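Observations on chain architecture
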Amino acid sequence: MAKQRMLKFVHTQRETPQKRDADQRAQDFSEIYREFSEAKAEEQASRCSQCGVPFCHAHCPLHNNIPDWLRLTAEGRLQEAYEISQATNTFPEICGRICPQDRLCEGNCVIEQSGHGTVTIGAIEKFITDTAWENDWVQPIAPARSRTESVAIIGGGPGGLSAADVLIRAGLKVTVYERHDRAGGLLTYGIPGFKLEKDIVLRRVEQLAKGGVEFVLNCDVGRDITFAEIRARHDAVLIATGVYKTRELRDPGADAAGIVRSIDFLTASNKKGFGDAVPEFDNGTLNAEGKRVLVIGGGDTAMDCVRTSIRQGATSVKCVYRRDRANMPGSQREVHNAEEEGVEFVWLAAPKAFSGNPVNRVTIQKMRLGAPDATGRQSPEPIEGGIYEEEADLVIKALGFEAEPLAQMWGADDLETTRWGTVKADFGTHATSIPGIYAVGDIVRGASLVVWAIRDGREAGAEILRYLDKAARVAAE
(Lines give C-alpha, C1' and ligand atoms only; values in the text may rest on other atoms or scores of the structure.)
Protein backbone atom coordinates (compact mmCIF):
# COMPACT_ATOMS: atom_id res chain seq x y z
CA MET A 1 0.00 0.00 0.00
CA ALA A 2 2.77 2.47 0.91
CA LYS A 3 4.52 1.68 -2.39
CA GLN A 4 1.31 2.27 -4.30
CA ARG A 5 0.85 5.65 -2.60
CA MET A 6 4.43 6.57 -3.41
CA LEU A 7 3.94 5.67 -7.08
CA LYS A 8 0.80 7.77 -7.21
CA PHE A 9 2.75 10.70 -5.77
CA VAL A 10 5.49 10.33 -8.37
CA HIS A 11 3.25 10.00 -11.41
CA THR A 12 0.84 12.81 -10.58
CA GLN A 13 3.55 15.47 -10.58
CA ARG A 14 4.62 17.41 -13.64
CA GLU A 15 7.92 16.41 -15.25
CA THR A 16 10.05 19.29 -13.95
CA PRO A 17 13.64 19.34 -12.64
CA GLN A 18 12.21 19.64 -9.15
CA LYS A 19 9.98 16.64 -9.78
CA ARG A 20 12.94 14.53 -10.94
CA ASP A 21 14.86 15.58 -7.84
CA ALA A 22 11.86 14.64 -5.70
CA ASP A 23 11.72 11.25 -7.41
CA GLN A 24 15.34 10.62 -6.44
CA ARG A 25 14.76 11.77 -2.87
CA ALA A 26 11.75 9.46 -2.69
CA GLN A 27 14.13 6.51 -2.71
CA ASP A 28 15.48 7.62 0.67
CA PHE A 29 12.23 8.78 2.29
CA SER A 30 11.73 7.90 5.94
CA GLU A 31 9.64 5.28 7.70
CA ILE A 32 6.17 6.46 6.65
CA TYR A 33 6.88 5.71 3.00
CA ARG A 34 7.85 2.07 3.51
CA GLU A 35 5.91 -1.07 4.23
CA PHE A 36 5.99 -1.96 7.92
CA SER A 37 6.05 -5.77 8.14
CA GLU A 38 5.29 -8.01 11.10
CA ALA A 39 8.98 -8.83 11.37
CA LYS A 40 9.84 -5.14 11.46
CA ALA A 41 7.16 -4.50 14.10
CA GLU A 42 8.47 -7.32 16.27
CA GLU A 43 12.07 -6.17 15.83
CA GLN A 44 11.25 -2.58 16.77
CA ALA A 45 8.99 -3.57 19.67
CA SER A 46 11.69 -5.85 21.08
CA ARG A 47 13.90 -2.76 21.49
CA CYS A 48 11.60 -1.47 24.24
CA SER A 49 13.56 -1.58 27.48
CA GLN A 50 10.42 -2.13 29.61
CA CYS A 51 11.86 0.61 31.79
CA GLY A 52 10.66 1.12 35.33
CA VAL A 53 9.42 4.62 34.53
CA PRO A 54 7.67 4.47 31.13
CA PHE A 55 7.96 8.07 29.95
CA CYS A 56 6.26 7.10 26.68
CA HIS A 57 3.10 6.27 28.66
CA ALA A 58 3.36 9.42 30.77
CA HIS A 59 3.73 11.71 27.74
CA CYS A 60 0.84 10.18 25.79
CA PRO A 61 -2.29 12.31 26.32
CA LEU A 62 -4.37 9.10 26.32
CA HIS A 63 -1.91 7.37 28.67
CA ASN A 64 -1.84 4.36 26.37
CA ASN A 65 -0.29 1.22 27.87
CA ILE A 66 2.55 1.40 25.37
CA PRO A 67 5.11 -0.89 27.06
CA ASP A 68 2.49 -3.64 27.43
CA TRP A 69 1.46 -3.72 23.79
CA LEU A 70 5.07 -3.38 22.66
CA ARG A 71 5.95 -6.47 24.68
CA LEU A 72 3.04 -8.43 23.20
CA THR A 73 4.00 -7.31 19.69
CA ALA A 74 7.59 -8.45 20.25
CA GLU A 75 6.19 -11.84 21.25
CA GLY A 76 4.06 -12.04 18.11
CA ARG A 77 0.80 -11.75 20.11
CA LEU A 78 -0.68 -9.10 17.85
CA GLN A 79 -4.36 -9.59 18.68
CA GLU A 80 -3.69 -9.14 22.39
CA ALA A 81 -1.51 -6.12 21.60
CA TYR A 82 -4.38 -4.60 19.62
CA GLU A 83 -6.87 -5.23 22.43
CA ILE A 84 -4.68 -3.39 24.92
CA SER A 85 -4.03 -0.56 22.45
CA GLN A 86 -7.73 0.04 21.71
CA ALA A 87 -8.71 -0.16 25.39
CA THR A 88 -7.45 3.40 25.92
CA ASN A 89 -7.60 4.80 22.38
CA THR A 90 -10.73 5.02 20.24
CA PHE A 91 -8.75 5.40 17.00
CA PRO A 92 -5.25 3.90 17.41
CA GLU A 93 -4.69 3.48 13.67
CA ILE A 94 -5.33 7.22 13.21
CA CYS A 95 -3.07 8.30 16.07
CA GLY A 96 -0.37 5.95 14.78
CA ARG A 97 -0.43 7.88 11.51
CA ILE A 98 -0.77 11.52 12.55
CA CYS A 99 0.28 11.97 16.18
CA PRO A 100 3.51 13.99 16.55
CA GLN A 101 5.25 11.08 18.24
CA ASP A 102 8.54 12.96 18.15
CA ARG A 103 7.06 15.42 20.66
CA LEU A 104 5.13 12.83 22.69
CA CYS A 105 5.81 9.11 23.23
CA GLU A 106 8.80 8.56 20.92
CA GLY A 107 10.47 11.81 21.89
CA ASN A 108 10.43 10.66 25.53
CA CYS A 109 11.46 7.06 24.91
CA VAL A 110 14.30 6.08 27.26
CA ILE A 111 16.23 4.54 24.36
CA GLU A 112 15.87 7.77 22.39
CA GLN A 113 17.03 9.78 25.39
CA SER A 114 20.13 7.57 25.67
CA GLY A 115 21.04 8.28 22.05
CA HIS A 116 20.25 4.93 20.46
CA GLY A 117 17.23 5.94 18.39
CA THR A 118 13.62 5.71 19.51
CA VAL A 119 11.35 2.71 19.29
CA THR A 120 9.00 3.52 16.38
CA ILE A 121 5.89 3.46 18.57
CA GLY A 122 3.58 5.18 16.09
CA ALA A 123 4.41 2.83 13.24
CA ILE A 124 3.81 -0.20 15.48
CA GLU A 125 0.50 1.22 16.74
CA LYS A 126 -0.62 1.73 13.13
CA PHE A 127 0.55 -1.75 12.12
CA ILE A 128 -1.18 -3.72 14.86
CA THR A 129 -4.51 -1.89 14.33
CA ASP A 130 -4.37 -2.27 10.54
CA THR A 131 -3.66 -5.96 11.15
CA ALA A 132 -6.68 -6.12 13.49
CA TRP A 133 -8.97 -4.75 10.77
CA GLU A 134 -7.55 -7.15 8.19
CA ASN A 135 -8.15 -10.14 10.48
CA ASP A 136 -11.62 -9.09 11.73
CA TRP A 137 -10.40 -8.57 15.28
CA VAL A 138 -12.19 -5.23 15.41
CA GLN A 139 -15.58 -6.10 16.82
CA PRO A 140 -18.82 -4.37 15.75
CA ILE A 141 -20.37 -2.01 18.26
CA ALA A 142 -23.09 -3.96 20.05
CA PRO A 143 -24.52 -2.29 23.17
CA ALA A 144 -25.56 -4.75 25.89
CA ARG A 145 -28.78 -2.80 26.46
CA SER A 146 -30.69 0.14 25.02
CA ARG A 147 -31.57 3.30 26.86
CA THR A 148 -34.15 5.94 26.08
CA GLU A 149 -31.98 9.02 26.61
CA SER A 150 -30.50 10.76 23.59
CA VAL A 151 -27.38 12.87 23.17
CA ALA A 152 -26.62 15.40 20.44
CA ILE A 153 -23.04 15.89 19.31
CA ILE A 154 -22.37 19.04 17.31
CA GLY A 155 -19.35 18.30 15.14
CA GLY A 156 -18.21 15.00 13.67
CA GLY A 157 -14.46 15.43 14.19
CA PRO A 158 -12.21 13.32 16.46
CA GLY A 159 -13.62 14.72 19.71
CA GLY A 160 -17.22 14.19 18.69
CA LEU A 161 -16.61 10.74 17.22
CA SER A 162 -14.73 9.45 20.25
CA ALA A 163 -17.56 10.62 22.52
CA ALA A 164 -20.11 9.01 20.19
CA ASP A 165 -18.22 5.73 20.52
CA VAL A 166 -18.42 5.84 24.33
CA LEU A 167 -22.10 6.81 24.37
CA ILE A 168 -23.39 4.40 21.74
CA ARG A 169 -21.63 1.49 23.45
CA ALA A 170 -23.52 2.44 26.62
CA GLY A 171 -26.83 2.05 24.76
CA LEU A 172 -27.74 5.73 24.41
CA LYS A 173 -29.24 7.24 21.29
CA VAL A 174 -26.60 9.42 19.65
CA THR A 175 -27.06 11.97 16.87
CA VAL A 176 -24.08 13.74 15.30
CA TYR A 177 -24.79 17.05 13.55
CA GLU A 178 -22.06 17.71 10.99
CA ARG A 179 -21.77 20.79 8.76
CA HIS A 180 -19.91 18.97 5.96
CA ASP A 181 -21.10 16.26 3.59
CA ARG A 182 -18.89 13.67 5.31
CA ALA A 183 -18.11 13.11 8.96
CA GLY A 184 -14.59 13.19 10.30
CA GLY A 185 -13.99 16.94 10.48
CA LEU A 186 -10.28 17.72 10.38
CA LEU A 187 -9.51 14.03 9.82
CA THR A 188 -11.51 14.04 6.59
CA TYR A 189 -10.95 17.48 5.12
CA GLY A 190 -8.03 19.09 6.97
CA ILE A 191 -5.30 16.44 6.95
CA PRO A 192 -3.89 15.36 3.56
CA GLY A 193 -4.56 11.85 2.32
CA PHE A 194 -0.85 11.00 2.07
CA LYS A 195 -0.67 11.31 5.86
CA LEU A 196 -4.09 9.89 6.71
CA GLU A 197 -5.86 7.78 4.09
CA LYS A 198 -9.53 8.73 3.98
CA ASP A 199 -10.81 5.17 3.88
CA ILE A 200 -9.23 4.75 7.33
CA VAL A 201 -11.37 7.58 8.69
CA LEU A 202 -14.59 6.64 6.91
CA ARG A 203 -14.22 3.04 8.07
CA ARG A 204 -14.52 4.26 11.67
CA VAL A 205 -17.47 6.49 10.76
CA GLU A 206 -19.17 3.48 9.15
CA GLN A 207 -18.50 1.40 12.27
CA LEU A 208 -20.25 4.02 14.39
CA ALA A 209 -23.17 4.29 11.95
CA LYS A 210 -23.64 0.52 11.95
CA GLY A 211 -23.50 0.64 15.75
CA GLY A 212 -26.46 3.01 15.80
CA VAL A 213 -25.04 6.54 15.63
CA GLU A 214 -27.20 8.79 13.44
CA PHE A 215 -25.25 11.24 11.28
CA VAL A 216 -27.06 14.37 10.13
CA LEU A 217 -24.78 15.72 7.41
CA ASN A 218 -24.73 19.09 5.65
CA CYS A 219 -26.28 20.50 8.80
CA ASP A 220 -24.91 23.83 9.96
CA VAL A 221 -26.15 24.56 13.48
CA GLY A 222 -27.45 28.10 13.64
CA ARG A 223 -28.52 28.01 10.00
CA ASP A 224 -30.16 24.65 9.25
CA ILE A 225 -31.24 23.98 12.82
CA THR A 226 -31.12 26.17 15.89
CA PHE A 227 -29.18 25.39 19.03
CA ALA A 228 -32.43 25.75 20.98
CA GLU A 229 -34.05 23.06 18.82
CA ILE A 230 -31.17 20.69 19.46
CA ARG A 231 -31.38 21.27 23.21
CA ALA A 232 -35.12 20.59 23.12
CA ARG A 233 -34.70 17.33 21.20
CA HIS A 234 -31.97 15.77 23.34
CA ASP A 235 -31.21 15.03 26.98
CA ALA A 236 -27.62 16.25 26.72
CA VAL A 237 -25.50 18.06 24.14
CA LEU A 238 -21.80 17.89 23.37
CA ILE A 239 -20.17 20.76 21.47
CA ALA A 240 -17.24 19.49 19.39
CA THR A 241 -17.12 21.94 16.51
CA GLY A 242 -13.38 22.53 16.38
CA VAL A 243 -11.95 25.89 15.35
CA TYR A 244 -12.00 26.91 11.69
CA LYS A 245 -11.79 30.69 11.67
CA THR A 246 -8.50 31.57 9.95
CA ARG A 247 -6.21 34.22 11.38
CA GLU A 248 -5.93 36.88 8.72
CA LEU A 249 -3.09 38.92 7.26
CA ARG A 250 -3.42 42.69 7.57
CA ASP A 251 -0.53 43.69 5.34
CA PRO A 252 -1.04 45.85 2.24
CA GLY A 253 -2.34 43.82 -0.70
CA ALA A 254 -3.39 40.88 1.49
CA ASP A 255 -6.83 40.77 -0.16
CA ALA A 256 -5.43 40.09 -3.66
CA ALA A 257 -6.46 37.08 -5.69
CA GLY A 258 -4.08 34.17 -5.28
CA ILE A 259 -3.87 34.58 -1.48
CA VAL A 260 -5.91 31.75 0.03
CA ARG A 261 -6.73 30.18 3.39
CA SER A 262 -5.00 26.91 4.28
CA ILE A 263 -8.29 25.23 5.22
CA ASP A 264 -9.76 26.04 1.80
CA PHE A 265 -6.65 24.77 0.03
CA LEU A 266 -6.53 21.50 1.98
CA THR A 267 -10.28 20.90 1.80
CA ALA A 268 -10.26 21.36 -1.97
CA SER A 269 -7.40 18.88 -2.31
CA ASN A 270 -9.13 16.30 -0.12
CA LYS A 271 -12.46 16.71 -1.91
CA LYS A 272 -10.67 16.19 -5.21
CA GLY A 273 -9.21 13.03 -3.74
CA PHE A 274 -12.74 11.80 -3.08
CA GLY A 275 -13.61 12.45 -6.73
CA ASP A 276 -15.89 15.39 -5.90
CA ALA A 277 -16.47 18.27 -8.27
CA VAL A 278 -14.29 21.13 -7.02
CA PRO A 279 -14.55 24.12 -9.40
CA GLU A 280 -11.99 26.21 -7.49
CA PHE A 281 -9.46 23.42 -7.81
CA ASP A 282 -10.15 22.87 -11.50
CA ASN A 283 -9.89 26.58 -12.37
CA GLY A 284 -6.56 26.85 -10.51
CA THR A 285 -7.68 29.01 -7.58
CA LEU A 286 -6.96 26.26 -5.03
CA ASN A 287 -4.48 24.25 -7.07
CA ALA A 288 -0.69 24.60 -6.81
CA GLU A 289 0.15 22.94 -10.13
CA GLY A 290 2.72 24.93 -12.11
CA LYS A 291 2.86 27.72 -9.51
CA ARG A 292 5.44 29.33 -7.28
CA VAL A 293 3.94 28.66 -3.87
CA LEU A 294 4.64 30.59 -0.70
CA VAL A 295 3.19 29.22 2.54
CA ILE A 296 3.15 31.53 5.56
CA GLY A 297 3.30 29.82 8.95
CA GLY A 298 5.30 27.28 10.95
CA GLY A 299 2.76 24.82 12.33
CA ASP A 300 1.64 21.39 11.19
CA THR A 301 -1.01 22.93 8.92
CA ALA A 302 1.74 24.81 7.10
CA MET A 303 3.61 21.52 6.67
CA ASP A 304 0.46 19.94 5.24
CA CYS A 305 0.17 22.79 2.75
CA VAL A 306 3.78 22.69 1.54
CA ARG A 307 3.77 18.91 1.12
CA THR A 308 0.41 18.99 -0.66
CA SER A 309 1.75 21.69 -3.00
CA ILE A 310 4.71 19.49 -3.91
CA ARG A 311 2.37 16.64 -4.78
CA GLN A 312 0.20 18.90 -6.92
CA GLY A 313 3.20 19.81 -9.07
CA ALA A 314 4.19 23.28 -7.90
CA THR A 315 7.28 24.65 -9.64
CA SER A 316 8.67 25.82 -6.30
CA VAL A 317 7.48 25.71 -2.70
CA LYS A 318 8.77 27.96 0.09
CA CYS A 319 7.67 28.19 3.69
CA VAL A 320 8.14 31.57 5.38
CA TYR A 321 8.18 31.61 9.17
CA ARG A 322 8.95 34.53 11.48
CA ARG A 323 10.91 32.51 14.06
CA ASP A 324 13.76 30.04 13.62
CA ARG A 325 13.57 26.29 13.24
CA ALA A 326 14.05 25.57 16.93
CA ASN A 327 11.08 27.76 17.86
CA MET A 328 8.54 26.62 15.30
CA PRO A 329 5.34 25.07 16.71
CA GLY A 330 5.10 22.27 14.15
CA SER A 331 6.64 18.80 14.23
CA GLN A 332 10.34 18.63 13.39
CA ARG A 333 9.65 15.30 11.71
CA GLU A 334 7.23 17.03 9.37
CA VAL A 335 9.85 19.67 8.54
CA HIS A 336 12.36 16.95 7.78
CA ASN A 337 9.88 15.18 5.50
CA ALA A 338 9.09 18.45 3.71
CA GLU A 339 12.78 19.17 3.16
CA GLU A 340 13.26 15.69 1.71
CA GLU A 341 10.48 16.44 -0.74
CA GLY A 342 11.99 19.70 -1.97
CA VAL A 343 10.44 22.41 0.21
CA GLU A 344 12.65 25.42 0.97
CA PHE A 345 12.27 26.98 4.43
CA VAL A 346 12.85 30.68 4.94
CA TRP A 347 13.38 31.15 8.66
CA LEU A 348 13.20 34.46 10.55
CA ALA A 349 11.10 36.11 7.86
CA ALA A 350 7.62 37.61 7.75
CA PRO A 351 5.44 39.06 4.97
CA LYS A 352 5.26 42.84 4.87
CA ALA A 353 3.24 43.51 1.70
CA PHE A 354 1.83 41.78 -1.38
CA SER A 355 2.08 43.02 -4.96
CA GLY A 356 -0.08 42.24 -7.97
CA ASN A 357 -3.67 41.10 -8.36
CA PRO A 358 -3.46 38.19 -8.72
CA VAL A 359 -0.46 38.19 -6.44
CA ASN A 360 2.98 37.83 -8.03
CA ARG A 361 5.42 39.14 -5.41
CA VAL A 362 5.66 39.22 -1.63
CA THR A 363 7.73 41.77 0.25
CA ILE A 364 9.55 39.99 3.06
CA GLN A 365 10.84 41.50 6.29
CA LYS A 366 13.85 39.75 7.79
CA MET A 367 13.46 39.11 11.52
CA ARG A 368 15.56 38.29 14.57
CA LEU A 369 14.62 36.87 17.94
CA GLY A 370 14.45 39.42 20.71
CA ALA A 371 13.20 39.37 24.29
CA PRO A 372 10.85 36.57 25.41
CA ASP A 373 7.11 37.22 25.19
CA ALA A 374 4.50 36.43 27.88
CA THR A 375 4.78 32.69 27.16
CA GLY A 376 8.57 32.68 27.50
CA ARG A 377 9.24 32.36 23.77
CA GLN A 378 11.54 34.91 22.19
CA SER A 379 9.57 37.50 20.29
CA PRO A 380 10.48 38.08 16.64
CA GLU A 381 11.40 41.64 15.79
CA PRO A 382 12.24 43.23 12.42
CA ILE A 383 15.80 43.84 11.30
CA GLU A 384 16.18 47.42 10.12
CA GLY A 385 16.75 47.48 6.36
CA GLY A 386 16.17 43.74 6.06
CA ILE A 387 13.67 43.93 3.20
CA TYR A 388 13.60 41.82 0.05
CA GLU A 389 11.06 40.24 -2.32
CA GLU A 390 9.95 36.68 -3.07
CA GLU A 391 8.09 35.76 -6.24
CA ALA A 392 4.84 33.86 -5.75
CA ASP A 393 1.76 32.93 -7.76
CA LEU A 394 -0.04 31.31 -4.84
CA VAL A 395 0.20 32.42 -1.22
CA ILE A 396 -1.31 30.12 1.41
CA LYS A 397 -2.14 31.53 4.84
CA ALA A 398 -1.37 28.94 7.52
CA LEU A 399 -1.34 31.28 10.50
CA GLY A 400 -3.48 29.19 12.80
CA PHE A 401 -7.17 29.04 13.65
CA GLU A 402 -9.47 30.82 16.06
CA ALA A 403 -12.86 29.99 17.47
CA GLU A 404 -16.03 31.11 15.74
CA PRO A 405 -18.35 33.17 18.03
CA LEU A 406 -20.68 30.26 18.76
CA ALA A 407 -22.70 31.99 21.49
CA GLN A 408 -23.62 34.79 19.09
CA MET A 409 -24.08 32.51 16.07
CA TRP A 410 -26.37 30.19 18.01
CA GLY A 411 -28.22 32.79 20.07
CA ALA A 412 -26.98 31.06 23.24
CA ASP A 413 -26.35 33.97 25.59
CA ASP A 414 -26.00 31.60 28.54
CA LEU A 415 -23.04 29.78 26.93
CA GLU A 416 -19.95 31.26 28.55
CA THR A 417 -16.88 31.80 26.40
CA THR A 418 -13.33 32.94 27.08
CA ARG A 419 -11.69 36.13 25.87
CA TRP A 420 -10.30 34.08 22.97
CA GLY A 421 -13.80 33.05 21.92
CA THR A 422 -13.40 29.42 22.96
CA VAL A 423 -16.15 27.75 24.98
CA LYS A 424 -15.50 27.83 28.70
CA ALA A 425 -15.65 24.25 30.01
CA ASP A 426 -14.33 22.44 33.05
CA PHE A 427 -11.18 20.56 32.05
CA GLY A 428 -12.12 17.64 34.28
CA THR A 429 -15.81 17.15 33.50
CA HIS A 430 -16.00 19.17 30.24
CA ALA A 431 -19.22 20.73 31.53
CA THR A 432 -20.07 24.22 30.25
CA SER A 433 -22.03 26.99 31.97
CA ILE A 434 -25.29 25.38 30.82
CA PRO A 435 -26.43 22.22 32.68
CA GLY A 436 -26.38 19.21 30.38
CA ILE A 437 -24.17 20.94 27.78
CA TYR A 438 -20.56 19.81 27.40
CA ALA A 439 -17.70 20.88 25.14
CA VAL A 440 -14.46 19.22 24.02
CA GLY A 441 -11.50 19.55 21.71
CA ASP A 442 -10.25 22.64 19.96
CA ILE A 443 -13.38 24.68 20.67
CA VAL A 444 -12.26 24.55 24.32
CA ARG A 445 -8.48 24.22 24.05
CA GLY A 446 -7.88 26.31 20.96
CA ALA A 447 -6.13 24.71 17.99
CA SER A 448 -4.48 21.57 19.39
CA LEU A 449 -3.72 17.93 18.61
CA VAL A 450 -6.14 15.24 17.45
CA VAL A 451 -5.06 13.00 20.33
CA TRP A 452 -6.18 15.62 22.87
CA ALA A 453 -9.59 15.83 21.18
CA ILE A 454 -9.91 12.04 21.38
CA ARG A 455 -9.05 12.12 25.09
CA ASP A 456 -11.54 14.93 25.71
CA GLY A 457 -14.27 13.07 23.82
CA ARG A 458 -13.76 9.87 25.80
CA GLU A 459 -13.80 11.75 29.10
CA ALA A 460 -16.87 13.80 28.17
CA GLY A 461 -18.73 10.68 27.07
CA ALA A 462 -18.16 9.16 30.51
CA GLU A 463 -19.25 12.40 32.23
CA ILE A 464 -22.44 12.60 30.15
CA LEU A 465 -23.26 9.04 31.20
CA ARG A 466 -22.84 10.01 34.86
CA TYR A 467 -25.01 13.09 34.33
CA LEU A 468 -27.81 11.04 32.73
CA ASP A 469 -27.54 8.28 35.32
CA LYS A 470 -27.96 10.86 38.09
CA ALA A 471 -30.94 12.42 36.28
CA ALA A 472 -32.53 8.98 35.96
CA ARG A 473 -32.06 8.28 39.69
CA VAL A 474 -33.60 11.63 40.63
CA ALA A 475 -36.57 10.99 38.33
CA ALA A 476 -37.11 7.56 39.86
CA GLU A 477 -37.22 8.87 43.47
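Residues numbered from 1 in each chain as written. Predicted model: local features only at pLDDT ≥ 70, side-chain atom pairs only at ≥ 80, totals over all residues. Heavy atoms only, no water.

**Describing the sheet that holds strand β9 (residues 344–346)**
The test is simple: Paired strands, as defined in this entry, are two strands with at least two bridges between them according to DSSP. Working definition: helices are DSSP H or I runs of at least four residues, strands are E runs of at least two. Numbering for both runs from the N terminus. A fitted line through C-alpha atoms serves as each axis, taken over the contacting stretch for helices, and the angle formed by two N-to-C directions is quoted from 0 to 180°. Throughout, a contact is declared for two residues whenever any of their heavy atoms are within 4.5 Å.
If you walk across this open sheet you meet the five strands as β6-β13-β7-β8-β9, and the pairing is parallel. Where the open sheet ends on each side, the last strands, each with one partner, are β6 (259–261) and β9. The average undirected angle you get between the axes of adjacent strands in this sheet is 25°. Sheet analysis places strand β7 (residues 292–296) next to strand β8 (residues 316–320), joined by five bridges and oriented parallel. Paired with valine 295 across the bridge in β8 is cysteine 319. On the sheet, helix α14 (residues 262–274) packs against β6 and β13 (394–397) and is oriented at approximately 75° with respect to β6.

**Description of helix α20 (residues 450–476)**
Heads up, the condition is: An expected span of 1.5 Å times one less than the residue number is assigned to each helix. We call a residue buried when its accessible area falls under 20% of the maximum for its residue type, exposed when it is over 50%, and partly exposed in between, using a 1.4 Å probe and counting protein chains only.
With 27 residues, α20 should cover 39 Å at 1.5 Å per step; its first-to-last C-alpha distance of 39 Å lies within 8% of that length. All of the buried residues along α20 are Val450, Val451, Ala453, Ile454, Asp456, Gly457, Ala460, Gly461, Glu463, Ile464, Leu465 and Leu468.

**Examining the nonpolar core**
Nonpolar side chains in soluble globular proteins tend to end up buried together. Stated precisely, the cut-off is as follows: Only buried Ala, Val, Leu, Ile, Met, Phe, Trp, Tyr and Cys residues count toward a nonpolar core, and they belong to the same one when joined by side-chain atoms within 4.5 Å.
With 66 residues, the main nonpolar core has Leu70 and Ile153 as its most contacted residues. Setting aside residues up to four positions removed in sequence, isoleucine 153 forms contacts with Gly160, Ala163, Ala164, Leu167, Val174, Thr175, Val176, Tyr177 and Leu238. The next biggest cluster of nonpolar side chains, apart from the first, holds 27 residues, and it includes Leu266, Val295, Tyr321 and Ala398.

**Here's the deal with the pairing of β13**
As a general feature of sheets, a regular strand has side chains that alternate between the two faces. Here β13 shows a buried face lined by Leu394 and Ile396 and a second buried face lined by Val395 and Lys397. With three bridges joining them, β6 and β13 adopt parallel strand pairing. Bridge pairing in β13 places isoleucine 259 opposite valine 395. Summarising the sheet, β7 and β13 pair through four bridges and their orientation is parallel. Residue pairing in the sheet places isoleucine 296 in a bridge with lysine 397 of β13.

**A few points about the packing of aromatic side chains**
How two aromatic rings sit relative to each other is set out by the distance from centre to centre and by the angle between their planes. Applied cut-off: In this scheme Phe, Tyr and Trp rings, the latter by its six-membered ring, pair at centre separations within 6.5 Å, and the angle between planes marks the pair as stacked below 30 degrees, edge-to-face above 60, and tilted otherwise. The criterion for a charge sitting over a ring is simple: Lys NZ or Arg CZ within 6 Å of the ring centre, and within 35 degrees of the ring normal.
Counted under the stated rule, the structure contains four aromatic pairs. On the numbers, 5.1 Å between centres and 10° between planes, the contact of phenylalanine 345 with tryptophan 347 is stacked. Owing to a relative accessible area of 24%, tryptophan 347 belongs among the partly exposed residues under this scheme. For the ring pair tyrosine 438 and tyrosine 467, a centre distance of 6.1 Å and an interplane angle of 70° mean the geometry is edge-to-face. You can see tyrosine 438 sitting in strand β15 (residues 437–439) and its partner tyrosine 467 sitting in helix α20, a full 29 residues away along the chain. The class of tyrosine 467 is partly exposed, set by a relative accessible area of 30%. Across the ring face of phenylalanine 274, the terminal group of arginine 182 is positioned such that the distance to the ring centre comes to 3.9 Å.

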